[in-house]
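Structural overview for review
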Amino acid sequence: VQLQASGGGLVQTGGSLRLSCAASERRSALYAVGWFRQAPGKEREFVAAISWRGGSIEYTDAVKGRFTISRDNAKNTVYLQMNSLKPEDTAVYYCARSGRPYTDYVRAGVDDYPYWGQGTQVTVSS
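Residues numbered from 1 in each chain as written. Predicted model: local features only at pLDDT ≥ 70, side-chain atom pairs only at ≥ 80, totals over all residues. Heavy atoms only, no water.

**Considerations on the sheet that holds strand β7 (residues 67-72)**
On the basis of which strands lie adjacent, the open sheet formed by 4 strands has the order β1-β3-β8-β7 and antiparallel pairing. Each edge of the open sheet carries a strand with a single partner, namely β1 (3-6) and β7. Within this sheet the neighbouring strands show an average axis-to-axis angle of 15°, counted without direction. Looking at chain direction, strand β3 (residues 17-23) and strand β8 (residues 77-82) are connected through 6 bridges and run antiparallel. Its bridge partner lying in β8, Arg-18 is registered against Gln-81. (Pairing = 2+ DSSP bridges. Helix = DSSP H or I, 4+ residues; strand = E, 2+ residues; numbered from the N terminus. Axes fitted to C-alpha atoms, helices over the stretch in contact; angles between N-to-C directions.)

**Concerning the layout of surface pockets**
Of the volumes computed, that of the largest pocket is approximately 160 Å³. Element by element, the count of residues in the lining of the largest pocket is highest for strand β9 (residues 91-101), at 3 residues. Taken together, the residues of the lining of the largest pocket sort by class into 4 nonpolar, 3 polar and 3 charged. (1 Å grid on protein atoms, 1.4 Å probe; cavity = no way out; pocket = protein on both sides within 12 Å on 5 of 7 lines; lining within 4 Å. Points joined across faces, edges and corners; volume = space filled by probe spheres on them. Nonpolar A, V, L, I, M, F, W, Y, C, P; charged D, E, K, R; others polar.)

**Section: the pattern of salt bridges**
Scanning all chains against the criterion turns up 6 salt bridges. One salt bridge in this structure joins Arg-37 and Glu-45, with 2.6 Å as the shortest N-O distance. The exposure class assigned to Arg-37 is buried, which follows from its relative accessible area of 6%. In this structure Glu-45 comes out as partly exposed when scored by relative accessible area, which is 36%. One salt bridge connects Arg-53 with Asp-104, and the closest N-O pair in it is separated by 2.9 Å. Taken together, the positions of Arg-53 in the loop between β5 (45-50) and β6 (57-59) and Asp-104 in the loop between β9 and β10 (115-116) put the pair 51 residues apart, joining distant regions of the chain. Overall, the relative accessible area of 56% leaves Arg-53 in the exposed class. Within this structure, Arg-37, Glu-45, Arg-66 and Asp-89 form a network of salt bridges that share partners. (Salt bridge = Lys/Arg side-chain N within 4 Å of Asp/Glu carboxyl O. Buried < 20%, exposed > 50% of the residue type's maximum accessible area, 1.4 Å probe, protein only.)

Below, the structure written as structure tokens:
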């Protein structure tokens, strides 16, 4: 399984970015996908996740109301729309796929996602 995260960049406070996570195989549409981020010197943390059909979505409190996760299974792609960005959102963002198909729930633990993309840098300037 290969996951390709893209869409990162440098934006000013209050700006927006849309991250994409493209999977190499069509079967990835059957799995939950999560976004995580890791800032320098910090642990990797959960940002958002979406179940395989999109019926279950979770966000960490820090991004609620600003970030939106969605997916297009026909394109094997999961998106993270990030609005009202803040300097504390600066991090490398990773997408990850769960290991169990057809689950209508999502989890927030790093260990719940065995497959990871390479990460994309998001930098928000103040």
